[in-house]
Amino acid sequence: QVQLQQSGAELVKPGSSVKISCKASGYTFTSYDMHWIKQQPGNGLEWIGWIYPGNGNTKYNQKFNGKATLTADKSSSTAYMQLSSLTSEDSAVYFCARSLRRVFDYWGQGVMVTVSS
Amino acid sequence: DVVLTQTPPTLSATIGQSVSISCRSSQSLLHSNGNTYLNWLLQRPGQPPQLLIYLVSRLESGVPNRFSGSGSGTDFTLKISGVEAEDLGVYYCVQSTHAPTFGGGTKLELK
């Protein structure tokens, strides 16, 4: 069965960076887009960008240009998102979600990132 | 960016009641390939969102058929015909015809 297993919660300091992971199983990793979505406490959902692991192509929400960097490791079927220059506004839960033909059909369990000194 | 406006923000229902949620888009969601990429998600408390309906009206595998979707262009509706306790949570519409955006959510709670 399809599973997206995300890494654990992170507590990081302002100004630092964090890299979170999303390990895929149960399907051909290189055949589906992987999207990343942000959810701040009590708020809705915000799309960050996607990566196609088959060739590494990426596309970002302009708002997250320079903030998020998406990569993928085909050998371990793992997608990564690095967030840089962290501020309190980056404190949120981050989801990875698989997509085929523009449909988010499977989601990871989410990673809570807390930015605090 | 495409703005999706969901109404109502909160919905109180009794078990067995039928309810509808509206999602209105600031732009047409009809893609040049003829598809309309408007999907509905449910997020239960403490859980990630799950896909209910895609391409406006297609039911995701395993989703009960009391859920249905309709609409076109800029106006879309999710209907639940007979709410059950497991349906409680926050419903989101999401479009991916353009760069993906989500509606603000509709919280379904028990009356």
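A brief structural summary. (Residues numbered from 1 in each chain as written. Chains lettered and ligands numbered in written order. Predicted model: local features only at pLDDT ≥ 70, side-chain atom pairs only at ≥ 80, totals over all residues. Heavy atoms only, no water.)

This part is about the pairing of strand β1 (residues 3–6) of chain A. Residue and element names in this part refer to chain A. By the alternation rule, side chains of β1 split into Leu 4 and Gln 6, which are all buried, and Gln 3 and Gln 5, of which none is buried. Looking at chain direction, β1 and strand β3 (residues 18–25) are connected through 4 bridges and run antiparallel. Directly across from Gln 3, in β3, lies its bridge partner Ser 25. (Buried < 20%, exposed > 50% of the residue type's maximum accessible area, 1.4 Å probe, protein only. Helix = DSSP H or I, 4+ residues; strand = E, 2+ residues; numbered from the N terminus. Pairing = 2+ DSSP bridges.)

As for its placement among the helices and strands, Arg 66 of chain B is situated in the loop between β6 (58–59) and β7 (67–72). Among all residues touching Arg 66 of chain B, those that are not within four sequence positions of it are Lys 79, Ile 80, Ser 81, Gly 82, Glu 84, Glu 86 and Asp 87 of chain B. (Contact = heavy atoms within 4.5 Å.)

With an omega of -5°, the peptide bond between Thr 7 of chain B and Pro 8 of chain B qualifies as cis. Positive phi, close to 55°, is recorded for Arg 101 of chain A, a residue that is not glycine. Assignment of secondary structure puts Arg 101 of chain A in the loop between β9 (92–100) and β10 (103–107). The exposure class of Arg 101 of chain A is exposed, given its relative accessible area of 65%. One non-glycine residue with positive phi stands out, namely Val 56 of chain B, at about 75°.

Let us now look at the interface of chain B and chain A. Often, the extent of an interface is quoted as the loss of accessible area on bringing the components together. Taken together, the contact between chain B and chain A spans 17 residues of the former and 16 residues of the latter. Of the roughly 1,400 Å² buried between chain B and chain A, counting both surfaces, carbon and sulfur atoms make up 65%. On the chain B side of the interface with chain A, the three residues burying the most area are Pro 49, Pro 100 and Phe 102 of chain B, jointly 34% of the side's total. Connecting chain B to chain A are 0 salt bridges. Joining chain B to chain A, the criterion identifies 5 residue pairs in polar contact (both at pLDDT 80 or more). At 3 residues, the largest contribution of residues to the side of chain B that touches chain A is made by strand β4 (residues 38–43) of chain B. A per-class count over the side of chain B that touches chain A returns 11 nonpolar, 5 polar and 1 charged. (Buried area = accessible area lost by both parts, 1.4 Å probe. Salt bridge = Lys/Arg side-chain N within 4 Å of Asp/Glu carboxyl O. Polar contact = N/O pair within 3.5 Å; in protein donor to acceptor, adjacent residues only side chain to side chain. Nonpolar A, V, L, I, M, F, W, Y, C, P; charged D, E, K, R; others polar.)

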